[in-house]
Structure formats: C-alpha cells, structure tokens
Amino acid sequence: MSENNPSTTIIPLAKKHLNQTDEKNIKHAFAQAEIVPSITLDKGNLIIDSTDRNLLVRIVSLLQQQGYAPQTQKQEIPVLDMSCASCASSIQSMMLAQPGVLQASVNFANTSAQVEYLPNMIQEQDLQKVVRSIGFDLLLEPAASREEKKDAIQQEQYSKLKRKTFFALLLALPVFVYGMFFMHAPYANWIMFAFTTPLVFWVGSDFFVHAWKQAKHRAVNMDTLVALSTGTAYIFSVFTLLFPEFWLRSGLEAHIYFEAAAVIIAFVLLGKLLEARAKSHTSDAINKLMGMQPKTVIRLDDQGAQQEIKIADVVLNNLLLVRPGEKIPVDGLVEQGESYVDESMLSGESIPVLKNNGESVYAGTVNQRGSFQFRAQKVGEDTVLAQIIAMVRSAQGSKAPVQKLVDKIAGIFVPIVITIALLSMLSWFIFSGEHWLTQGIMAFVTVLVIACPCALGLATPTAIMVGVGRAASAGILIKDAESIERAKDLNVLVFDKTGTLTMGRPQVTDQYWLEENKIHQQVLVAMEHLSEHPLAEAIVNAWPESPQMALDNFESITGKGIVATYEGKSYLVGNQKLMISRDVSLSDILFEKSAEYAQSGRTVIWFASEQQVLALLAVADPIKETTPDAITELRKMGIKTYMLTGDNEATAAAIARQAGIQYFESEMLPEDKSQYIKKLQDEGNVVGMVGDGINDSAALAQADVSIAMGKGSDIAMDVAKMTIVSSDLQKVPVAIRLSQLTVRTIRQNLFWAFIYNLVGIPIAAGILYPSFGFLLSPMIASAAMALSSVSVVSNSLRLKWRSVGSTIA
C-alpha cells in the first residue's frame, strides 16, 4: 500500500520501462473494460486510486491479457490447528480482507491455503499474523521442507487424537452403564463423576478451547454445540451431586446427567478420528511423485570422468550418464547411445519408446536395458515431473473447502437453541408460581440436553461408515466422504485408455500366415526371445510353450527390426521398411491386410524369410471384456463418456468405437488431460475421472470425483478418492448408485435428527405445561436424545441390505 496515500494500490508490472505506446495500450484496455478508477503509470508501477479487491482482481487479469503481467506472488501454505470446515471459511475470509491479497482459497480437506498477493503490499509473515489473531497458524517453512514438516505435524496430531478417542471410549463406557442401568447403586453418582471429570477437562478440552476461540470472534460451530451441551450437563450434574437438597426441598428428584456429557464427547471424537484418518494420507501422492527422481546422478566431465553428485547439484548443460534400469533424473537431450525408455508415467502408454541421439528424455521415466548419455535441458522445478507435481498439488488445493452440512446448520442452530433455552428460563421466572427458580433452570437444562448434537454428529459418519463398508464388499475402496457425496451429481465421466478401458499390456490379436509350419513359428518366437523391442514379449507370450532354438548371426537393426539365421537360412522380423530394404517380395494382399490392421489401431509386425513374407501379426492392447457393458450402463444413467489418451487418432478412434465411448481426444499429455477436465468443469459439468497411471494423477486431482484402477500405479490410487480393486469398470456404475443411496440416507438421518429437536425443544421449554400440565424432565430429554441417535444408526444400517444393482431399491 502506498505510504503517502493508504487508499491507493501500487501494482509492479513485469515490464519496468513503459513507453508512451505501453501507457496508451493500458489506458485503452481499461477504458474498453469500463474500469474507471484514477490510474498513474510511474517507473513500471501501476498506481490505482482504489483498494477494492474485486476491482484489483479484474485489473490484474486484464494486465495479464495485455502482456503486462503484474508481479504477483502465488503460494501454497500449510494451515495449522483447523478443527472443522467452518475454520477454513473463517481463515479464508480474513485473508481476503487484507489489502494486497488477490485470491485466497483455504482447503480444510488438505489443510492448506492457496494465496495470490502483491508482494509489495503484503508478505507471508503478515498473513501469518492475521491468521494467528483468530486462533490458527500458518507453517512458514522453506518450500523444500514444508510438506515434510506438515506431514510430521499431522501425524503427531493424528496420534494425539487416536489416544484421546481411546481414553474417551474407555472412560465413557462405565459412565454410560452406570447412568442407564445402575444409577441407584451405592456411590454410582460419585463413580460417574470420577470418570467424567477427566473425560471433560482433559480428553474433551479441545472442544472448549476451540469454542472459546470462535466465541471471541462472534462465531459458532460444532465445537460450540459440544462444549455448551456437555459443559452444561456436567456443571448441572456436579451441582446436583454436591447439593441434592436444593432440588429435594422443591419436591424434585435430583437427577445426574454425567452420561450425556461423557457419551457425547466420546462419539464426536470418534467421528473426528475417522475424518482425520481419511485426511492423513493426502500428501502420499506428492511424496511418491517426488520419490520418482533419483537422489544421485552420474555426471561426466570434459574428459569423460564419472562423478556421482546429488540431483540438486545438477545444472543446465551438464552431461549425465543413465545406466540400465535407472530413473532419468532431469529433462534433457540424448547425445550418445540408445535405449528403450518406459515413459508410461507421462504418456500412460505401456510400450517403451526408443531413444536415439537428439531425442528428448524426461525426469522420472525409467531406462530399460541400454545406457546413454544426455545433456540436461531442464532441472529443478522446470522438469515435466516437477510440473506434474505442481499440478497435482494445485488441483488438490484449489477445490472449495468441504462445508459439512452439520457445521453450516450449527451456525444457525446453536444461537437459536441458546436463545430458546434462555427465553424458556425467563418465561418460567415471569409466569411460574412457587417453583419458578427450579423449573426455570430445569427447562434451561432440558432444552440444552435435548438439543445435544449426538444425532447430528452421527447422521453423516454412520451413513458414510456403512456406505464405505458396503462399497468395500463390492470391491470399491472409498477414501473420504466428499467423493461419496459428490459422485451422485456426476454427468460427465472421463476415461484414460491404457489399463483403464484396455488390458494395459500388448497382445497378439490377429495372425495371417502365408506359409505356416511349426518350425517357422518356433523361429519367430526364438528371435523375439533375443529382441529388446517392447512388443517382443507379446509375441513370446502368444506361444509360451514354444521350445528354445539356437540361432546364428542375430542382429538388431535400429528402427526396423531384427535379423537372424537358423540352419543356414535367414529370417527377418520387423516393420514394412525392413522388408523393403531387404527386397522381400510383397503382394497386394499383404498391403491390404497390413492397412486393415493399422486402421483398427493395431501395430503390424512382419515375419519373412529371405525370399518371401511368411506371416503378418497384429499386436494391440485389447479392451477389457467388461468395458462395453460398463459404458452402456453409464450412458443409460444419463452420463456422458469421454476418453483421453496419448495414442494417435486412429488407435483412439478404434478403441472408442469398440468401447462405445461418445467422445475422445488423442495425443494428449498429462497437462492436456487436466486442462480438458477443467474446461468441462467450466462448462458447468460435474466431472469424474477414471485412470490408472502416474500420467493421470493431475487429471484425477482436478476432477470432481476421481476413480483409480486397483492394478494401476500407487500414485494414481493415492490421488484418487475411489479405487476399483478388481479394475472391473462395471464397478463404476455401482459406485455412483451407492453414492446416491448413501447421500439419501444422510439426508434421512439429518431429518430424523432435526425432527426430534423441532418437536422436543418446544416440549422441553414447557410449551405443553399451560394446557396439559406436562413438563419434560432432563432425564426423559436425555432418553429422547438417545432415541434419536438409535434411529439414525438403525437407518444407516439399512444401507447394508439396499440394492446397488441396475435399479435402486
């Protein structure tokens, strides 16, 4: 912010020396966009007579479009001490209120904040002070160690929550048993007091701390509801325990409600533990992607001497050596040697690619049998692998915070309950007779007890637990509740090709033999046994029982195929170029057959003797048997289907046609896939992504609902919110139907939880007393609260027996 005028904003531009044409272009663009604040251009800075954030966002976007990109800073910062989704909302609101902050998105699911700001106006430390002022914190570690430090803190918090939940259940069990079945046993009240006190003041202390933090900023959440209800029940019970004669003098029975306080804390902690468990692995995918780079690399000096160095020490134009089986450390160009490189982490295609001089290689891809030297072209954060990591992290963090329905409702529900409880007590003071004090206090406590959030707290997690268990029994692993809630809204489903729609491994799909005999077949298999070509394995697997044969003069011809001699006769295996170069006789029928195979997306392999072609073989990655049925089922459900693949258009078209896919895009890189999904989302669609490879990780993270194939990469499964264990695509429609049923059950649970409150709270306040003389006691209120919980759990258990077949029961 300007030191001279706090109502102005200074935006540094990337271009420091602006001429008259630049100034004219900027002012004209502002006029065209109807942006009318007073602006001044001074030494590469744009000075605006406004601090309105929405206006600044428009201005920054406009400057970027005009090629005068302002110097903004984008950061992803871990956020500490959040306990619920409303915490994320509070932090986000505070950040957006700061001068110089252009964008802010706080994600409770992965406990991070994505912020874009003007560094000349505000810094990370300033944001940290603001966040600390409302009871939270930002982790301002160096970028290289932030994820590691964040994971360590999360693991420590999870272990602490696990211990507290264990002790809460351990302490609550005897309190519940005594309160419900042995409340008149000797010393029962003192035993319950002994177990409940540490449960409330130690195990449940966080609820009171967080509620107090919220109260200081005039906000409420589920922690407020838990703290208020359990605190009131505990204090009331302690008072009754110490001074029972206070109630007895008024002719009332001295009831104790320790079990209400104990059970509420235990159940809510259990729910929080389940939530924390789902979130505890959010950084696994990032860590595994980072692990794809080797820690060290062999660097060659000008004399060719080898030196092992850390990957962080690699600089541009270093000459590096990659040996067989090693991961490629950085992006570069091959200078000497050749080898096949497995690039499935980029392209998703299972067939390794031959790399010769001048061809590009990428960090994280895996070298096969050969060795080569290459020159580093991109290092550090500029590599393709680093960009994939950044895209995954960005897509995960850019999603809006998951606002749990109960937290939203609690923001309205808690003040209303408190108001009703106070009005009830006041009404008794004003209109009651002899026992106005005791009846007023009893009404106040009864309202708070019957409004306990036990059923509210159980409504979502019990349905989720049963739904997740039902999914697991059907071979579908679900990582969190968000994916279940979101899947019901899917109207577009995007599929990767290799390993998702197809088997994921090349196979011989067709054979055309002009002169077939067993010896020729055995020679073919023997030659492929010696070949390093990635398709050789498909031919060997086609005849697994073929005996080994002794071959002579074996030779590999780069880019064409292989040649060998058996019993004095030469044989060739390779592409059409090899046949032509060796003057092998080719007929029209062979060209027609080869074209037929190629048009359907298959790779053609020629097998010949010195004089003539003996056979044509078609090799392809066939689609799974269940794929067409699954796609048909999805289309019946009104879901549009897309396929995105790195393959060429002919192969993509053939696979889409066989599978029944409506739309497809070919020759796509990982970043293309995630951008395409974002485009579909921008058009208003709820998009699901189904994939199995590392190359799909960014797209999976970008999608609204992400589904990984169980036989795919670990990283895809870590990023995805659902995993199909068997890789059977017919499980995808099942998962969507299960989502519909589970969300329906959650809504029913919330209805039952609230119907008790809507009916019970007025009765607890004493609305029936003037007409019928009926006054609800806290004990009955506690039983009603327990009954609401039983109804919620029972309704959730019905999910176990509901149909998830072609029709929903």
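In the annotation of an unreviewed UniProt entry, the entry for the protein chain reads Cadmium-translocating P-type ATPase, and the organism field reads Sphingobacterium corticibacter. Regarding the protein chain, the relevant UniProt record gives this comment under Sequence similarities (unreviewed entry): "Belongs to the cation transport ATPase (P-type) (TC 3.A.3) family. Type IB subfamily."

Asks: In this structure, what is going on with the overall build of the protein chain? I would like to understand it.
Replies: Looking only at helices and strands, the protein chain features 30 helices and 29 strands. For the protein chain, long-range pairs separated by at least 24 residues make up 68% of all intrachain contacts whose partners lie at least 6 apart in sequence.

Asks: It is not clear to me how the nonpolar core should be interpreted in this structure. Could you clarify?
Replies: As a rule of thumb, nonpolar side chains are buried together in soluble globular proteins. Ranked by size, the top nonpolar core spans 39 residues in total, and within it L493, F495, L634, I661 and L729 carry the most contacts. With 7 residues, helix α28 (residues 731–765) is the largest single contributor of residues to this core. Listed in part, the 29 residues of the second largest apolar core include Y158, L199, A261 and V268.

Asks: What's the story with the sheet that holds strand β29 (residues 722–724) in this structure? I'm lost.
Replies: Sheet strands pair via backbone hydrogen bonds, and the direction of the pair is either parallel or antiparallel. Pairing within the open sheet is mixed, and its 7 strands lie in the order β17-β29-β28-β27-β18-β25-β26. A single partner strand is all that each edge strand has here, and the edge strands are β17 (476–478) and β26 (663–665). Across this sheet, the average inter-strand angle for adjacent strands is 20°, counted without regard to direction. In this sheet, β26 lies alongside strand β25 (residues 640–644) in parallel orientation, the contact comprising 3 bridges. Within the sheet, the bridge partner assigned to L644 lies in β26 and is E665.

Asks: Help me understand unusual backbone geometry in this model?
Replies: Of all residues except glycine, most have a negative phi; of all peptide bonds, most are trans. Phi at N317 is positive, roughly 75°, even though this residue is not glycine. Looking at the element boundaries, N317 is found in the loop between β9 (306–310) and β10 (319–322).

Asks: When you look at the pattern of salt bridges in this model, what are you seeing that I'm missing?
Replies: It is possible for side chains bearing opposite charge to pair when their charged atoms get close. Inspection of the entire model under this criterion finds 13 salt bridges. The partner of D696 in a salt bridge is K673, with the nearest N and O atoms 3.0 Å apart. With a gap of 23 residues between them, D696 in the loop between β27 (687–691) and α26 (697–702) and K673 in helix α25 (residues 670–682) connect regions that are remote in the sequence. The exposure classification of D696 matches that of K673, with both residues buried. Salt bridges sharing common partners tie together R486, K488, D489 and D704.

Asks: Any chance you could explain the environment of R747 here in plain terms?
Replies: Along the polypeptide, R747 turns up in helix α28. With relative accessibility at 54%, the residue R747 sits in the exposed group. With 284 residues separating them in the primary sequence, R747 and A463 have C-alpha atoms 9.7 Å apart.

Asks: Got a minute to help me understand the packing of aromatic side chains in this structure?
Replies: Given two aromatic rings, their pairing is described by the distance between the two centres and the angle made by the two planes. Enumeration over the complete set of coordinates arrives at 13 aromatic pairs. Between F372 and F374, the ring centres sit 6.2 Å apart and the planes meet at 55°, which makes this aromatic pair tilted. Since its relative accessible area comes to 1%, F372 is described here as buried. Judged by relative accessible area, which is 0%, F374 ranks as buried. By the ring-pair criterion, three or more aromatic residues cluster together here, those being W190, F193, F201, Y234 and F258.

Asks: Sorry if this is basic, but what is going on with the packing of helix α23 (residues 627–636) against α28 here?
Replies: Two quantities define a packed helix pair, namely the angle between the axes and the distance from one axis to the other. Relative to each other, α23 and α28 sit at 30°, their axes nearing to 8 Å. Of the possible angle classes, the one that applies to α23 and α28 is roughly parallel. Between α23 and α28, the residues in contact are A630, E633 and L634 and V732, P733, I736 and R737, respectively. Among the residues making up the contact of α23 with α28, the classes are represented as 5 nonpolar, no polar and 2 charged.

Asks: So what exactly am I meant to see when it comes to the UniProt feature "transmembrane region" (unreviewed entry) in the protein chain here?
Replies: Here the UniProt feature "transmembrane region" (unreviewed entry) sits at residues 166–184, 190–212, 224–243, 255–274, 409–430, 436–460, 750–769 and 775–793. In residues 166–184, the share of helix is 84% and the share of strand is 0%. The end C-alpha atoms are 28 Å apart. The straight-line gap between the two end C-alpha atoms of residues 190–212 is 29 Å; of that span, 96% is helix and 0% is strand.

Asks: Before we go on, may I ask you to explain the sheet that holds strand β13 (residues 353–355) in this structure?
Replies: With respect to topology, 3 strands assemble into an open sheet ordered β13-β12-β15, the strand pairing being antiparallel. The open sheet is flanked by β13 and β15 (366–367), the only strands paired with a single partner. Here strand β12 (residues 339–342) pairs with β15 via 2 bridges, running antiparallel. Across the sheet, residue V341 finds its bridge partner in β15, namely N367.

Parameters and conventions
Position numbers for residues start from 1 in each chain and track the written sequence from start to end. This being a predicted model, a pLDDT of at least 70 is required before a residue's local features are given, and a value of 80 or more before pairs of side-chain atoms are given or counted; all residues contribute to the totals for chains, interfaces and linings. In computing side-chain values, all of the structure's heavy atoms are included and hydrogens and water are not. UniProt positions are given in the numbering used here, feature names are shortened, and annotations may be inferred rather than shown by experiment. Segments assigned H or I by DSSP are reported as helices when at least four residues long, segments assigned E as strands when at least two residues long, and all are numbered from the N terminus. Pairs of residues are marked as contacts when any of their non-hydrogen atoms sit within 4.5 Å. Buried Ala, Val, Leu, Ile, Met, Phe, Trp, Tyr and Cys residues form a nonpolar core when they are joined through side-chain atoms within 4.5 Å. Relative accessibility thresholds used throughout: buried, under 20% of the residue-type maximum; exposed, over 50%; partly exposed, between the two (1.4 Å probe, protein chains only). Only strands joined by at least two bridges in the DSSP assignment are considered to pair. For every element, the axis is a line fit to its C-alpha atoms; helices are fit only across the contacting stretch, and the angle between N-to-C directions ranges from 0 to 180 degrees. A side-chain nitrogen of Lys or Arg and a carboxyl oxygen of Asp or Glu constitute a salt bridge if their distance falls within 4 Å. Paired rings are identified among Phe, Tyr and Trp, the last through its six-membered ring, by centres lying within 6.5 Å, and are further divided according to the angle between planes into stacked (under 30 degrees), edge-to-face (over 60) and tilted (the rest). Note on terminology: angles under 35 degrees are roughly parallel, angles over 145 are roughly antiparallel, angles of 65 to 115 are roughly perpendicular, and the others are oblique. Residues were grouped as follows: Ala, Val, Leu, Ile, Met, Phe, Trp, Tyr, Cys and Pro as nonpolar; Asp, Glu, Lys and Arg as charged; and all remaining residues, including Gly, as polar.

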